[in-house]
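Each chain, written out:
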Amino acid sequence: MQGKLQREAIGPEDGTRVNGRWKTLCACRDFRLLLEWACPDVLDLFERQITEYLAMTELTESYLREVPRSVCWYEGLVSTEVLLMELL
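Described in the following lines is the structure provided in the data block. All values reported here derive from a predicted model rather than from experimental measurement. (Residues numbered from 1 in each chain as written. Predicted model: local features only at pLDDT ≥ 70, side-chain atom pairs only at ≥ 80, totals over all residues. Heavy atoms only, no water.)

**With respect to the overall build of the protein chain**
For the protein chain, the helix and strand inventory stands at six helices and zero strands. Going residue by residue from the N terminus, the α and β elements of the protein chain occur as α-α-α-α-α-α. In the protein chain, which comprises 88 residues, the proportion classed as buried is 35%. In the protein chain, of all internal contacts separated by at least 6 residues, the share reaching a separation of at least 24 is 37%. When the accessible surface of the protein chain is summed, it comes to about 6,000 Å², and 53% of that surface belongs to carbon and sulfur atoms. (Helix = DSSP H or I, 4+ residues; strand = E, 2+ residues; numbered from the N terminus. Buried < 20%, exposed > 50% of the residue type's maximum accessible area, 1.4 Å probe, protein only. Contact = heavy atoms within 4.5 Å. Areas by Shrake-Rupley, 256 points an atom, 1.4 Å probe, with all protein chains shown as cover.)

**Some remarks on the pattern of salt bridges**
A full pass over the atoms with the stated rule returns four salt bridges. Note that Arg 21 and Asp 44 form a salt bridge whose closest N and O atoms lie 2.9 Å from each other. Placement of the pair is Arg 21 in the loop between helix H1 (2-9) and helix H2 (31-37) and Asp 44 in helix H3 (residues 40-55), with a sequence separation of 23 residues. Asp 44 sits in the partly exposed class, given a relative accessible area of 24%. Between Glu 61 and Arg 65 there is a salt bridge whose closest N-O contact spans 3.6 Å. Residue Glu 61 and its partner Arg 65 are both found in helix H4 (residues 61-65); the two are separated by four residues, about one turn of the helix. With respect to burial, Glu 61 and Arg 65 carry one shared label: exposed. (Salt bridge = Lys/Arg side-chain N within 4 Å of Asp/Glu carboxyl O.)

As far as function goes, none of this settles anything; it's purely spatial.
Listed below in structure tokens is the structure:
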């Protein structure tokens, strides 16, 4: 199943988005690692959290107190390795 998802999500050679399910995530450098190790539900959650973050016009103090790990990863504050270790 994981291999099928990978083929649907990215093109065979260049990582181009094919189906758009994880439009924001697939543009990230380590998307292939996430795709390999995270389940689709987690990728859906990350996509939603990052998309909501990018749409925010103002970051509130309450949001900044509990920034999702996916957003920290997206901004480079958490490495892919650390994010994956926290998932497993």
